[in-house]
Number of protein chains: 2
Amino acid sequence: MTSRQFSVTVDLAVLTVADDTLKVLVVRRGVPPFRGRWALPGGFVLAREDLMDAARRELVEETGVPLRSVHLEQLGSYGSPGRDPRGRVVTVAHLALLPDLPEPVAGSDAAGAEWRPVEDLLSATRRLAFDHGTILADAVERARSKLEYAPLAAAFCPPEFTIAELRRVYEVVWGTELDPRNFHRKVTGTPGFVEPTGESTRRGGGRPARLYRAGDATLLHPAMLRAPHPVR
Amino acid sequence: MTSRQFSVTVDLAVLTVADDTLKVLVVRRGVPPFRGRWALPGGFVLAREDLMDAARRELVEETGVPLRSVHLEQLGSYGSPGRDPRGRVVTVAHLALLPDLPEPVAGSDAAGAEWRPVEDLLSATRRLAFDHGTILADAVERARSKLEYAPLAAAFCPPEFTIAELRRVYEVVWGTELDPRNFHRKVTGTPGFVEPTGESTRRGGGRPARLYRAGDATLLHPAMLRAPHPVR
DNA sequence: GGCATTACTGTCAATATGACGACAAAGGAG
DNA sequence: CTCCTTTGTCGTCATATTGACAGTAATGCC
(Lines give C-alpha, C1' and ligand atoms only; values in the text may rest on other atoms or scores of the structure.)
Protein backbone atom coordinates (compact mmCIF):
# COMPACT_ATOMS: atom_id res chain seq x y z
CA MET A 1 0.00 0.00 0.00
CA THR A 2 2.72 2.41 -0.99
CA SER A 3 1.50 5.32 -3.07
CA ARG A 4 -1.31 6.68 -1.00
CA GLN A 5 -0.76 10.07 -2.55
CA PHE A 6 -3.25 11.54 -4.95
CA SER A 7 -3.61 14.77 -6.77
CA VAL A 8 -6.93 16.42 -5.99
CA THR A 9 -8.64 18.79 -8.38
CA VAL A 10 -11.94 20.57 -8.55
CA ASP A 11 -13.85 20.60 -11.81
CA LEU A 12 -16.80 22.84 -12.56
CA ALA A 13 -19.92 22.20 -14.56
CA VAL A 14 -21.05 25.79 -15.01
CA LEU A 15 -24.53 25.92 -16.52
CA THR A 16 -26.56 28.79 -17.82
CA VAL A 17 -29.63 29.33 -19.96
CA ALA A 18 -29.00 31.56 -22.95
CA ASP A 19 -30.81 31.80 -26.28
CA ASP A 20 -33.37 29.32 -24.97
CA THR A 21 -30.62 26.75 -24.69
CA LEU A 22 -28.90 25.06 -21.78
CA LYS A 23 -25.21 25.85 -22.07
CA VAL A 24 -22.10 24.84 -20.25
CA LEU A 25 -18.78 26.63 -19.93
CA VAL A 26 -15.94 24.66 -21.47
CA VAL A 27 -12.30 25.36 -22.17
CA ARG A 28 -10.18 24.11 -25.03
CA ARG A 29 -7.25 22.09 -23.77
CA GLY A 30 -3.94 23.48 -24.96
CA VAL A 31 -1.72 20.69 -23.68
CA PRO A 32 -1.82 16.91 -23.65
CA PRO A 33 -3.52 14.79 -22.68
CA PHE A 34 -6.68 15.43 -24.69
CA ARG A 35 -5.02 18.38 -26.38
CA GLY A 36 -7.49 20.32 -28.48
CA ARG A 37 -10.52 18.73 -26.85
CA TRP A 38 -13.11 20.58 -24.80
CA ALA A 39 -12.95 20.12 -21.06
CA LEU A 40 -14.73 21.42 -17.99
CA PRO A 41 -12.81 24.21 -16.27
CA GLY A 42 -11.00 23.20 -13.12
CA GLY A 43 -7.68 23.00 -11.39
CA PHE A 44 -5.72 21.72 -8.47
CA VAL A 45 -6.79 22.25 -4.92
CA LEU A 46 -4.15 24.29 -3.13
CA ALA A 47 -2.25 23.06 -0.11
CA ARG A 48 -4.31 24.89 2.50
CA GLU A 49 -7.55 25.33 0.64
CA ASP A 50 -10.99 23.92 1.34
CA LEU A 51 -12.73 22.12 -1.52
CA MET A 52 -15.51 24.66 -1.83
CA ASP A 53 -13.00 27.52 -1.68
CA ALA A 54 -11.07 25.94 -4.51
CA ALA A 55 -14.25 25.65 -6.55
CA ARG A 56 -15.12 29.28 -5.86
CA ARG A 57 -11.64 30.37 -6.83
CA GLU A 58 -11.72 28.47 -10.08
CA LEU A 59 -15.17 29.79 -10.83
CA VAL A 60 -14.06 33.37 -10.43
CA GLU A 61 -10.91 32.79 -12.42
CA GLU A 62 -12.83 31.22 -15.26
CA THR A 63 -15.90 33.40 -15.41
CA GLY A 64 -15.13 36.59 -13.53
CA VAL A 65 -18.68 36.59 -12.22
CA PRO A 66 -19.44 37.95 -8.76
CA LEU A 67 -19.97 34.98 -6.47
CA ARG A 68 -23.00 36.68 -5.05
CA SER A 69 -25.05 35.81 -8.10
CA VAL A 70 -24.04 32.19 -8.40
CA HIS A 71 -25.40 28.96 -7.05
CA LEU A 72 -22.54 26.59 -6.30
CA GLU A 73 -22.79 23.12 -4.83
CA GLN A 74 -20.71 19.99 -4.70
CA LEU A 75 -21.76 17.42 -7.26
CA GLY A 76 -19.61 14.40 -6.49
CA SER A 77 -16.17 12.93 -6.76
CA TYR A 78 -14.68 10.98 -9.61
CA GLY A 79 -11.57 8.93 -9.09
CA SER A 80 -11.29 5.98 -11.45
CA PRO A 81 -7.67 4.87 -11.53
CA GLY A 82 -7.52 5.42 -15.28
CA ARG A 83 -9.35 8.72 -15.58
CA ASP A 84 -6.19 10.77 -16.02
CA PRO A 85 -3.34 9.18 -17.95
CA ARG A 86 -0.82 11.29 -16.06
CA GLY A 87 -1.46 9.61 -12.74
CA ARG A 88 -3.83 9.23 -9.90
CA VAL A 89 -6.12 12.23 -9.82
CA VAL A 90 -9.35 12.47 -7.85
CA THR A 91 -11.58 15.33 -8.88
CA VAL A 92 -14.33 16.82 -6.80
CA ALA A 93 -16.88 18.03 -9.33
CA HIS A 94 -19.08 21.02 -8.59
CA LEU A 95 -22.24 22.32 -10.17
CA ALA A 96 -22.61 26.06 -10.74
CA LEU A 97 -25.70 27.85 -12.05
CA LEU A 98 -25.47 31.34 -13.48
CA PRO A 99 -27.83 33.86 -15.00
CA ASP A 100 -27.22 34.68 -18.64
CA LEU A 101 -24.66 37.40 -18.10
CA PRO A 102 -24.69 40.31 -20.51
CA GLU A 103 -20.91 40.58 -20.32
CA PRO A 104 -19.25 37.74 -22.13
CA VAL A 105 -16.98 35.55 -20.10
CA ALA A 106 -14.21 37.78 -18.84
CA GLY A 107 -11.25 37.20 -16.58
CA SER A 108 -7.70 36.10 -16.68
CA ASP A 109 -7.83 32.38 -17.35
CA ALA A 110 -10.99 32.68 -19.32
CA ALA A 111 -9.26 33.33 -22.60
CA GLY A 112 -10.21 30.02 -24.13
CA ALA A 113 -13.49 29.57 -22.31
CA GLU A 114 -16.69 29.31 -24.27
CA TRP A 115 -20.38 28.66 -23.71
CA ARG A 116 -21.52 25.59 -25.64
CA PRO A 117 -24.90 23.89 -25.80
CA VAL A 118 -24.95 20.98 -23.41
CA GLU A 119 -26.70 18.85 -25.98
CA ASP A 120 -23.80 19.07 -28.42
CA LEU A 121 -21.25 18.05 -25.82
CA LEU A 122 -23.19 15.06 -24.60
CA SER A 123 -23.47 13.56 -28.05
CA ALA A 124 -21.34 10.56 -28.86
CA THR A 125 -19.16 12.52 -31.24
CA ARG A 126 -18.04 15.77 -29.58
CA ARG A 127 -16.53 13.94 -26.62
CA LEU A 128 -15.18 15.92 -23.69
CA ALA A 129 -11.73 15.28 -22.26
CA PHE A 130 -11.19 12.85 -19.38
CA ASP A 131 -14.46 11.66 -17.84
CA HIS A 132 -15.95 15.12 -18.16
CA GLY A 133 -18.77 13.77 -20.30
CA THR A 134 -19.93 11.69 -17.36
CA ILE A 135 -19.55 14.61 -14.99
CA LEU A 136 -21.54 16.88 -17.28
CA ALA A 137 -24.28 14.31 -17.66
CA ASP A 138 -24.50 13.94 -13.90
CA ALA A 139 -24.52 17.72 -13.48
CA VAL A 140 -27.39 18.16 -15.91
CA GLU A 141 -29.36 15.39 -14.26
CA ARG A 142 -28.76 16.98 -10.86
CA ALA A 143 -29.94 20.36 -12.12
CA ARG A 144 -33.01 18.83 -13.74
CA SER A 145 -34.11 16.97 -10.67
CA LYS A 146 -33.29 19.74 -8.28
CA LEU A 147 -35.51 22.17 -10.14
CA GLU A 148 -38.36 19.98 -8.99
CA TYR A 149 -38.02 20.48 -5.29
CA ALA A 150 -35.80 23.52 -4.81
CA PRO A 151 -36.34 27.11 -5.93
CA LEU A 152 -33.21 26.76 -8.01
CA ALA A 153 -34.48 28.07 -11.31
CA ALA A 154 -34.05 31.60 -9.99
CA ALA A 155 -30.29 30.99 -10.02
CA PHE A 156 -30.50 31.06 -13.82
CA CYS A 157 -32.28 34.41 -13.75
CA PRO A 158 -31.17 37.97 -12.99
CA PRO A 159 -31.97 39.24 -9.48
CA GLU A 160 -35.38 40.38 -10.66
CA PHE A 161 -37.26 38.34 -13.19
CA THR A 162 -40.71 37.67 -14.57
CA ILE A 163 -42.68 34.48 -14.17
CA ALA A 164 -42.33 33.88 -17.89
CA GLU A 165 -38.55 34.09 -17.66
CA LEU A 166 -38.62 31.59 -14.85
CA ARG A 167 -40.82 29.35 -16.92
CA ARG A 168 -38.41 29.46 -19.85
CA VAL A 169 -35.72 28.15 -17.49
CA TYR A 170 -37.81 25.14 -16.61
CA GLU A 171 -38.73 24.53 -20.20
CA VAL A 172 -35.17 24.72 -21.43
CA VAL A 173 -33.63 22.65 -18.66
CA TRP A 174 -36.33 20.01 -18.73
CA GLY A 175 -36.82 20.12 -22.47
CA THR A 176 -40.58 20.26 -22.09
CA GLU A 177 -43.33 22.82 -22.54
CA LEU A 178 -45.27 24.07 -19.56
CA ASP A 179 -48.66 25.68 -19.48
CA PRO A 180 -48.08 29.37 -18.68
CA ARG A 181 -51.26 29.68 -16.65
CA ASN A 182 -50.74 26.63 -14.50
CA PHE A 183 -47.09 27.51 -14.04
CA HIS A 184 -48.03 30.99 -12.90
CA ARG A 185 -50.51 29.60 -10.41
CA LYS A 186 -48.03 27.10 -9.06
CA VAL A 187 -45.14 29.52 -8.67
CA THR A 188 -47.09 32.31 -7.07
CA GLY A 189 -48.99 29.86 -4.90
CA THR A 190 -46.01 28.03 -3.44
CA PRO A 191 -44.93 29.84 -0.27
CA GLY A 192 -41.41 31.24 -0.38
CA PHE A 193 -40.80 30.52 -4.05
CA VAL A 194 -40.93 34.10 -5.34
CA GLU A 195 -41.68 37.50 -3.84
CA PRO A 196 -43.23 40.28 -5.93
CA THR A 197 -41.12 43.41 -6.10
CA GLY A 198 -44.05 45.60 -7.04
CA GLU A 199 -42.27 46.72 -10.18
CA SER A 200 -43.07 45.58 -13.65
CA THR A 201 -41.27 45.44 -16.93
CA ARG A 202 -42.02 45.32 -20.58
CA ARG A 203 -38.96 43.41 -21.70
CA GLY A 204 -41.10 41.19 -23.89
CA GLY A 205 -43.49 42.11 -26.61
CA GLY A 206 -46.91 42.16 -25.01
CA ARG A 207 -48.41 43.25 -21.75
CA PRO A 208 -45.83 44.25 -19.13
CA ALA A 209 -45.07 41.56 -16.58
CA ARG A 210 -44.64 41.95 -12.88
CA LEU A 211 -41.17 41.45 -11.50
CA TYR A 212 -40.31 39.01 -8.77
CA ARG A 213 -37.23 38.09 -6.83
CA ALA A 214 -36.32 34.73 -5.30
CA GLY A 215 -38.15 33.92 -2.09
CA ASP A 216 -36.61 32.59 1.06
CA ALA A 217 -37.73 28.99 0.77
CA THR A 218 -35.01 26.39 0.42
CA LEU A 219 -37.40 23.60 -0.40
CA LEU A 220 -40.54 23.72 -2.49
CA HIS A 221 -43.66 22.25 -1.02
CA PRO A 222 -45.39 20.79 -2.77
CA ALA A 223 -42.71 20.02 -5.31
CA MET A 224 -42.96 21.09 -8.94
CA LEU A 225 -42.98 17.67 -10.54
CA ARG A 226 -42.02 16.91 -14.09
CA ALA A 227 -44.35 14.69 -16.02
CA PRO A 228 -43.57 11.13 -15.02
CA HIS A 229 -40.67 9.82 -17.04
CA PRO A 230 -41.48 8.00 -20.28
CA VAL A 231 -42.14 5.19 -17.87
CA ARG A 232 -40.40 3.62 -14.99
CA MET B 1 1.78 25.39 -5.14
CA THR B 2 4.12 22.70 -3.91
CA SER B 3 2.36 19.95 -2.00
CA ARG B 4 -0.35 18.92 -4.40
CA GLN B 5 -0.38 15.52 -2.80
CA PHE B 6 -3.28 14.42 -0.68
CA SER B 7 -4.24 11.26 1.09
CA VAL B 8 -7.63 10.06 -0.04
CA THR B 9 -9.87 7.95 2.16
CA VAL B 10 -13.38 6.59 1.99
CA ASP B 11 -15.59 6.85 5.03
CA LEU B 12 -18.85 5.02 5.49
CA ALA B 13 -22.06 6.08 7.15
CA VAL B 14 -23.68 2.65 7.48
CA LEU B 15 -27.26 3.00 8.63
CA THR B 16 -29.79 0.43 9.71
CA VAL B 17 -33.09 0.33 11.54
CA ALA B 18 -33.09 -1.93 14.58
CA ASP B 19 -35.26 -1.87 17.69
CA ASP B 20 -37.32 0.89 16.15
CA THR B 21 -34.24 3.09 16.12
CA LEU B 22 -32.01 4.48 13.40
CA LYS B 23 -28.51 3.24 14.08
CA VAL B 24 -25.12 3.79 12.57
CA LEU B 25 -22.05 1.60 12.61
CA VAL B 26 -19.15 3.21 14.44
CA VAL B 27 -15.72 2.05 15.50
CA ARG B 28 -13.78 3.05 18.55
CA ARG B 29 -10.49 4.66 17.61
CA GLY B 30 -7.53 2.87 19.16
CA VAL B 31 -4.84 5.33 18.11
CA PRO B 32 -4.44 9.11 18.04
CA PRO B 33 -5.76 11.42 16.88
CA PHE B 34 -9.15 11.21 18.60
CA ARG B 35 -8.07 8.08 20.45
CA GLY B 36 -10.97 6.51 22.30
CA ARG B 37 -13.60 8.44 20.35
CA TRP B 38 -16.19 6.94 18.04
CA ALA B 39 -15.58 7.33 14.31
CA LEU B 40 -17.18 6.22 11.09
CA PRO B 41 -15.46 3.21 9.58
CA GLY B 42 -13.24 3.95 6.63
CA GLY B 43 -9.78 3.67 5.21
CA PHE B 44 -7.37 4.66 2.52
CA VAL B 45 -8.14 4.26 -1.14
CA LEU B 46 -5.61 1.89 -2.66
CA ALA B 47 -3.30 2.84 -5.47
CA ARG B 48 -5.30 1.25 -8.26
CA GLU B 49 -8.73 1.25 -6.75
CA ASP B 50 -11.87 3.08 -7.78
CA LEU B 51 -13.64 5.11 -5.09
CA MET B 52 -16.74 2.93 -5.08
CA ASP B 53 -14.61 -0.20 -4.98
CA ALA B 54 -12.78 1.14 -1.97
CA ALA B 55 -16.09 1.85 -0.27
CA ARG B 56 -17.34 -1.65 -1.04
CA ARG B 57 -14.13 -3.17 0.27
CA GLU B 58 -14.32 -1.23 3.51
CA LEU B 59 -17.96 -2.09 3.91
CA VAL B 60 -17.29 -5.80 3.61
CA GLU B 61 -14.29 -5.57 5.90
CA GLU B 62 -16.26 -3.75 8.55
CA THR B 63 -19.60 -5.52 8.40
CA GLY B 64 -19.06 -8.80 6.63
CA VAL B 65 -22.43 -8.39 4.96
CA PRO B 66 -23.01 -9.68 1.45
CA LEU B 67 -22.92 -6.68 -0.88
CA ARG B 68 -25.99 -8.06 -2.59
CA SER B 69 -28.21 -6.87 0.22
CA VAL B 70 -26.76 -3.39 0.61
CA HIS B 71 -27.56 -0.03 -0.88
CA LEU B 72 -24.36 1.96 -1.32
CA GLU B 73 -24.01 5.40 -2.83
CA GLN B 74 -21.54 8.23 -2.73
CA LEU B 75 -22.51 10.97 -0.31
CA GLY B 76 -19.95 13.69 -0.83
CA SER B 77 -16.38 14.69 -0.20
CA TYR B 78 -14.94 16.48 2.80
CA GLY B 79 -11.56 18.11 2.61
CA SER B 80 -11.13 21.02 4.99
CA PRO B 81 -7.43 21.67 5.47
CA GLY B 82 -7.73 21.12 9.20
CA ARG B 83 -10.02 18.10 9.30
CA ASP B 84 -7.19 15.66 10.05
CA PRO B 85 -4.35 16.89 12.25
CA ARG B 86 -1.96 14.43 10.62
CA GLY B 87 -2.02 16.16 7.25
CA ARG B 88 -4.06 16.82 4.19
CA VAL B 89 -6.69 14.14 3.86
CA VAL B 90 -9.69 14.30 1.58
CA THR B 91 -12.37 11.76 2.36
CA VAL B 92 -15.07 10.60 0.01
CA ALA B 93 -17.99 9.75 2.25
CA HIS B 94 -20.48 7.07 1.29
CA LEU B 95 -23.91 6.18 2.54
CA ALA B 96 -24.81 2.53 3.07
CA LEU B 97 -28.21 1.17 4.07
CA LEU B 98 -28.60 -2.30 5.52
CA PRO B 99 -31.40 -4.47 6.81
CA ASP B 100 -31.28 -5.31 10.48
CA LEU B 101 -29.05 -8.35 10.23
CA PRO B 102 -29.70 -11.19 12.63
CA GLU B 103 -25.98 -11.97 12.80
CA PRO B 104 -24.18 -9.33 14.78
CA VAL B 105 -21.46 -7.45 12.98
CA ALA B 106 -18.86 -10.01 12.03
CA GLY B 107 -15.65 -9.88 10.08
CA SER B 108 -11.99 -9.26 10.52
CA ASP B 109 -11.73 -5.54 11.17
CA ALA B 110 -15.08 -5.37 12.79
CA ALA B 111 -13.79 -6.23 16.24
CA GLY B 112 -14.49 -2.81 17.68
CA ALA B 113 -17.46 -1.95 15.51
CA GLU B 114 -20.79 -1.26 17.14
CA TRP B 115 -24.29 -0.15 16.22
CA ARG B 116 -25.19 3.05 18.01
CA PRO B 117 -28.34 5.18 17.83
CA VAL B 118 -27.78 8.05 15.43
CA GLU B 119 -29.49 10.42 17.79
CA ASP B 120 -26.91 9.88 20.51
CA LEU B 121 -23.98 10.53 18.21
CA LEU B 122 -25.40 13.74 16.79
CA SER B 123 -25.82 15.31 20.19
CA ALA B 124 -23.42 18.01 21.24
CA THR B 125 -21.75 15.79 23.82
CA ARG B 126 -20.90 12.41 22.27
CA ARG B 127 -18.90 13.97 19.47
CA LEU B 128 -17.51 11.81 16.72
CA ALA B 129 -13.88 11.99 15.66
CA PHE B 130 -12.72 14.28 12.85
CA ASP B 131 -15.66 15.88 11.00
CA HIS B 132 -17.60 12.64 11.15
CA GLY B 133 -20.42 14.36 12.98
CA THR B 134 -21.00 16.53 9.95
CA ILE B 135 -20.76 13.56 7.62
CA LEU B 136 -23.25 11.60 9.69
CA ALA B 137 -25.67 14.50 9.78
CA ASP B 138 -25.44 14.84 6.01
CA ALA B 139 -25.92 11.10 5.60
CA VAL B 140 -29.05 11.06 7.72
CA GLU B 141 -30.46 14.02 5.87
CA ARG B 142 -29.73 12.32 2.54
CA ALA B 143 -31.44 9.14 3.68
CA ARG B 144 -34.44 11.07 4.96
CA SER B 145 -34.97 13.00 1.80
CA LYS B 146 -34.27 10.09 -0.50
CA LEU B 147 -36.96 8.01 1.12
CA GLU B 148 -39.37 10.52 -0.32
CA TYR B 149 -38.72 9.89 -3.97
CA ALA B 150 -36.87 6.59 -4.19
CA PRO B 151 -37.98 3.12 -3.13
CA LEU B 152 -35.07 3.09 -0.72
CA ALA B 153 -36.83 2.03 2.42
CA ALA B 154 -36.73 -1.54 1.19
CA ALA B 155 -32.95 -1.42 1.61
CA PHE B 156 -33.56 -1.38 5.35
CA CYS B 157 -35.75 -4.47 5.14
CA PRO B 158 -35.05 -8.14 4.54
CA PRO B 159 -35.64 -9.39 0.98
CA GLU B 160 -39.27 -10.06 1.80
CA PHE B 161 -41.14 -7.74 4.11
CA THR B 162 -44.60 -6.62 5.10
CA ILE B 163 -46.07 -3.21 4.47
CA ALA B 164 -46.05 -2.57 8.20
CA GLU B 165 -42.33 -3.29 8.38
CA LEU B 166 -41.76 -0.86 5.55
CA ARG B 167 -43.84 1.70 7.35
CA ARG B 168 -41.79 1.32 10.51
CA VAL B 169 -38.72 2.24 8.46
CA TYR B 170 -40.29 5.47 7.33
CA GLU B 171 -41.50 6.28 10.80
CA VAL B 172 -38.14 5.64 12.41
CA VAL B 173 -36.07 7.45 9.80
CA TRP B 174 -38.39 10.41 9.58
CA GLY B 175 -39.25 10.45 13.23
CA THR B 176 -42.95 10.81 12.46
CA GLU B 177 -46.04 8.65 12.63
CA LEU B 178 -47.79 7.61 9.46
CA ASP B 179 -51.36 6.50 9.00
CA PRO B 180 -51.19 2.74 8.31
CA ARG B 181 -54.15 2.78 5.95
CA ASN B 182 -53.00 5.68 3.83
CA PHE B 183 -49.48 4.29 3.79
CA HIS B 184 -50.73 0.95 2.58
CA ARG B 185 -52.74 2.58 -0.18
CA LYS B 186 -49.82 4.70 -1.26
CA VAL B 187 -47.24 1.93 -1.32
CA THR B 188 -49.38 -0.61 -3.11
CA GLY B 189 -50.68 2.03 -5.48
CA THR B 190 -47.34 3.40 -6.64
CA PRO B 191 -46.18 1.39 -9.64
CA GLY B 192 -42.91 -0.46 -9.13
CA PHE B 193 -42.61 0.26 -5.43
CA VAL B 194 -43.35 -3.23 -4.13
CA GLU B 195 -44.38 -6.53 -5.66
CA PRO B 196 -46.48 -9.04 -3.74
CA THR B 197 -44.84 -12.42 -3.31
CA GLY B 198 -48.11 -14.23 -2.68
CA GLU B 199 -46.82 -15.49 0.64
CA SER B 200 -47.83 -14.19 4.00
CA THR B 201 -46.40 -14.21 7.45
CA ARG B 202 -47.55 -13.91 10.99
CA ARG B 203 -44.41 -12.37 12.44
CA GLY B 204 -46.54 -9.91 14.37
CA GLY B 205 -49.29 -10.58 16.80
CA GLY B 206 -52.48 -10.19 14.81
CA ARG B 207 -53.74 -11.10 11.40
CA PRO B 208 -51.05 -12.47 9.07
CA ALA B 209 -49.64 -9.92 6.66
CA ARG B 210 -48.85 -10.39 3.01
CA LEU B 211 -45.22 -10.35 2.03
CA TYR B 212 -43.75 -8.10 -0.61
CA ARG B 213 -40.38 -7.64 -2.21
CA ALA B 214 -38.88 -4.46 -3.65
CA GLY B 215 -40.26 -3.49 -7.04
CA ASP B 216 -38.20 -2.47 -10.03
CA ALA B 217 -38.86 1.26 -9.92
CA THR B 218 -35.87 3.51 -9.28
CA LEU B 219 -37.96 6.61 -8.76
CA LEU B 220 -41.30 6.92 -7.03
CA HIS B 221 -44.01 8.76 -8.84
CA PRO B 222 -45.72 10.46 -7.30
CA ALA B 223 -43.25 10.94 -4.49
CA MET B 224 -44.03 10.00 -0.90
CA LEU B 225 -43.81 13.41 0.68
CA ARG B 226 -43.14 14.12 4.30
CA ALA B 227 -45.38 16.59 5.96
CA PRO B 228 -44.17 20.07 5.07
CA HIS B 229 -41.33 21.09 7.35
CA PRO B 230 -42.23 22.83 10.61
CA VAL B 231 -42.76 25.78 8.33
CA ARG B 232 -40.43 27.97 6.42
C1' DG C 1 -66.62 -18.21 22.00
C1' DG C 2 -64.92 -13.64 23.29
C1' DC C 3 -61.26 -10.38 23.29
C1' DA C 4 -57.06 -8.15 21.94
C1' DT C 5 -54.21 -7.25 18.11
C1' DT C 6 -52.77 -6.37 13.68
C1' DA C 7 -54.02 -6.29 8.52
C1' DC C 8 -56.67 -4.57 5.01
C1' DT C 9 -60.67 -2.06 2.34
C1' DG C 10 -63.68 1.75 1.65
C1' DT C 11 -65.59 6.57 1.98
C1' DC C 12 -65.48 11.50 1.96
C1' DA C 13 -63.78 16.05 2.09
C1' DA C 14 -59.79 19.01 1.14
C1' DT C 15 -56.11 19.98 -1.87
C1' DA C 16 -53.35 19.93 -6.07
C1' DT C 17 -53.04 19.40 -11.05
C1' DG C 18 -54.04 19.51 -16.12
C1' DA C 19 -56.63 21.58 -19.72
C1' DC C 20 -58.28 25.51 -21.39
C1' DG C 21 -61.56 29.95 -21.76
C1' DA C 22 -61.46 34.75 -21.05
C1' DC C 23 -59.90 39.23 -20.08
C1' DA C 24 -56.01 42.85 -19.42
C1' DA C 25 -52.34 45.73 -21.08
C1' DA C 26 -48.95 46.82 -23.83
C1' DG C 27 -46.95 47.91 -29.11
C1' DG C 28 -47.57 48.28 -34.07
C1' DA C 29 -50.17 48.76 -38.56
C1' DG C 30 -53.28 51.25 -40.99
C1' DC D 1 -57.67 56.25 -32.90
C1' DT D 2 -59.08 51.42 -33.89
C1' DC D 3 -57.93 46.89 -34.78
C1' DC D 4 -54.81 43.22 -34.27
C1' DT D 5 -51.01 40.76 -32.32
C1' DT D 6 -48.53 39.50 -28.41
C1' DT D 7 -47.90 38.42 -23.81
C1' DG D 8 -49.52 38.30 -18.89
C1' DT D 9 -52.95 37.09 -15.39
C1' DC D 10 -57.22 35.26 -13.45
C1' DG D 11 -60.98 31.89 -13.36
C1' DT D 12 -63.42 27.39 -14.04
C1' DC D 13 -63.98 22.58 -14.19
C1' DA D 14 -62.83 17.70 -14.25
C1' DT D 15 -59.50 14.53 -12.38
C1' DA D 16 -55.99 12.80 -9.28
C1' DT D 17 -53.91 12.58 -4.82
C1' DT D 18 -53.99 13.12 0.13
C1' DG D 19 -55.51 13.21 4.98
C1' DA D 20 -58.75 11.61 8.28
C1' DC D 21 -61.21 8.05 9.88
C1' DA D 22 -65.14 4.05 9.90
C1' DG D 23 -65.47 -0.58 9.33
C1' DT D 24 -64.34 -5.50 8.28
C1' DA D 25 -60.94 -9.64 8.24
C1' DA D 26 -57.78 -13.04 10.20
C1' DT D 27 -54.96 -14.48 13.66
C1' DG D 28 -53.44 -15.90 18.96
C1' DC D 29 -54.74 -16.19 23.67
C1' DC D 30 -57.85 -16.87 27.57
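Residues numbered from 1 in each chain as written. Chains lettered and ligands numbered in written order. Predicted model: local features only at pLDDT ≥ 70, side-chain atom pairs only at ≥ 80, totals over all residues. Heavy atoms only, no water.

Asker: Can you explain the domain arrangement of chain A? Please cite residues and give values.
Answerer: Residues and elements named next belong to chain A. Domain boundaries assigned for chain A yield domain 1 (7-147) and domain 2 (150-214). Of note, the centres of domain 1 and domain 2, computed from C-alpha atoms alone, are 27 Å apart. Taken together, the contacts link 14 residues of domain 1 with twelve residues of domain 2. For the pair domain 1 and domain 2, the summed buried surface comes to about 1400 Å²; carbon and sulfur atoms form 71% of the total. It is Val 17, Arg 144 and Leu 147 that lose the most area in domain 1 upon contact with domain 2, and together they represent 44% of the buried surface on that side. Seen at the junction of domain 1 and domain 2, the total is one salt bridge. Arg 168 serves as the salt-bridge partner of Asp 20, at 3.1 Å between the closest nitrogen and oxygen. (Domains from an automatic or database assignment. Contact = heavy atoms within 4.5 Å. Buried area = accessible area lost by both parts, 1.4 Å probe. Salt bridge = Lys/Arg side-chain N within 4 Å of Asp/Glu carboxyl O.)

Asker: Describe the protein's contact with DNA strand D, listing the residues and the values that go with them.
Answerer: Near DNA strand D, the surroundings consist of 21 residues, among which Arg181(A), Arg207(A), Arg181(B), Asn182(B) and Arg185(B) are the closest. Of what DNA strand D places within 4 Å of the protein, 49% of the atoms are sugar or phosphate. Within the contact set of DNA strand D, a phosphate oxygen lies 3.0 Å away from a backbone nitrogen or oxygen of Arg210(A). Within the contact set of DNA strand D, a base nitrogen lies 2.8 Å away from a side-chain nitrogen or oxygen of Arg181(B). Counting residues per element, the ones that place at least two in the surface near DNA strand D are helix H4 (163-174), helix H5 (180-189) and strand S9 (209-214) of chain A together with helix H5 (180-189) of chain B. Among the elements that make up the surface near DNA strand D, the one with the highest residue count is H5(B) (four residues). Looking at side-chain class alone, the surface near DNA strand D contains five nonpolar, five polar and eleven charged residues. (Near = heavy atom within 4 Å. Polar contact = N/O pair within 3.5 Å; in protein donor to acceptor, adjacent residues only side chain to side chain. Helix = DSSP H or I, 4+ residues; strand = E, 2+ residues; numbered from the N terminus. Nonpolar A, V, L, I, M, F, W, Y, C, P; charged D, E, K, R; others polar.)

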